[in-house]
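Coordinate analysis (summary)
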Amino acid sequence: MFKSRVTRSALPSSSLLHKRLQDGDFLDCFSVASDLPPRRAADIITAFPSWAMALVRLRGMLVAPFGLSRTGPEAADKVGIFPVEHDSASEVIAGFNDRHLDFRVSVLSENGRVSLATWVHRHNLGGRLYLAAILPFHILIVRNALARLRHASA
């Protein structure tokens, strides 16, 4: 009955994010029961509700004076605002490098579960402060995204 709930989980061993992970990096992973392929799941995950889009716009206004990217770099292939770096039958990885940190999100689909992982490599104090400030909102957005995915899968 509760198998389809969003849960904090370990990054699946098959994820390519493992190749990026260094000591001191941030990594979180949440998952939900779903058989959706990763690209379809990523499209649902990045179709943010209006409250999350308002937070993204607010973030853009707040970071602009510091020269940080407001919407990410241009790319031929994106999911939401994130440039796609890897797209396979089991995993989509998207994200980019900025002055204060590098980040990637992974949407991995295997064994009837979709995992959404976020990896962040902070470059400086600005990256550490930025991550600390957005982390509560990040967790809300991730949990909401996977709950929406769960309902889309049902």
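Predicted model, so just to flag it, every value in this text is computed and none were measured. (Residues numbered from 1 in each chain as written. Predicted model: local features only at pLDDT ≥ 70, side-chain atom pairs only at ≥ 80, totals over all residues. Heavy atoms only, no water.)

Overview of the pattern of salt bridges
- For the coordinates displayed, the defined rule picks out four salt bridges.
- Across the pair Glu 85 and Arg 20 runs a salt bridge, and its minimum N-O distance is 2.6 Å. Of this pair, Glu 85 sits in strand β4 (residues 82–87) while Arg 20 sits in the loop between β1 (7–8) and β2 (26–33), and the two are 65 residues apart along the sequence.
- Arg 20 gets classed as partly exposed once you look at its relative accessible area, which sits at 24%. (Salt bridge = Lys/Arg side-chain N within 4 Å of Asp/Glu carboxyl O. Helix = DSSP H or I, 4+ residues; strand = E, 2+ residues; numbered from the N terminus. Buried < 20%, exposed > 50% of the residue type's maximum accessible area, 1.4 Å probe, protein only.)

Some remarks on the packing of helix α1 (residues 38–45) against helix α3 (residues 125–153)
- At a minimum axis separation of 9 Å, α1 and α3 run at an interaxial angle of 125 degrees. Judged by the angle between their axes, α1 and α3 are oblique. Between α1 and α3 lies a crossing of right-handed hand. From α1, Ala 41, Ile 44 and Ile 45 reach across to α3, where they touch Ala 145, Leu 146, Arg 148, Leu 149 and Ala 152.
- Broken down by class, the residue content of the contact of α1 with α3 amounts to seven nonpolar, no polar and one charged. (Axes fitted to C-alpha atoms, helices over the stretch in contact; angles between N-to-C directions. Parallel < 35°, antiparallel > 145°, perpendicular 65-115°, else oblique. Left-handed = near helix turned anticlockwise from the far one by under 90°. Contact = heavy atoms within 4.5 Å. Nonpolar A, V, L, I, M, F, W, Y, C, P; charged D, E, K, R; others polar.)

Quick notes on the nonpolar core
- Residues Ile 45, Phe 103, Val 107, Leu 116, Leu 146 and Leu 149 are the most contacted members of the largest nonpolar core, which totals 33 residues.
- Put simply, the parts of the chain that give this core at least two residues each are β2, α1, α2 (50–63), β4, β5 (91–97), β6 (101–110), β7 (113–122) and α3.
- Counting residues per element, this core draws most heavily on α3, which supplies seven residues.
- If we skip the residues at most four places from it in the chain, Leu 146 touches Val 6, Phe 30, Ser 31, Val 32, Ile 45, Val 114 and Leu 116.
- Counting residues in hydrophobic clusters, the runner-up holds six residues, among them Leu 11, Ile 93, Ala 117 and Trp 119. (Core = buried A, V, L, I, M, F, W, Y, C linked by side-chain atoms within 4.5 Å.)

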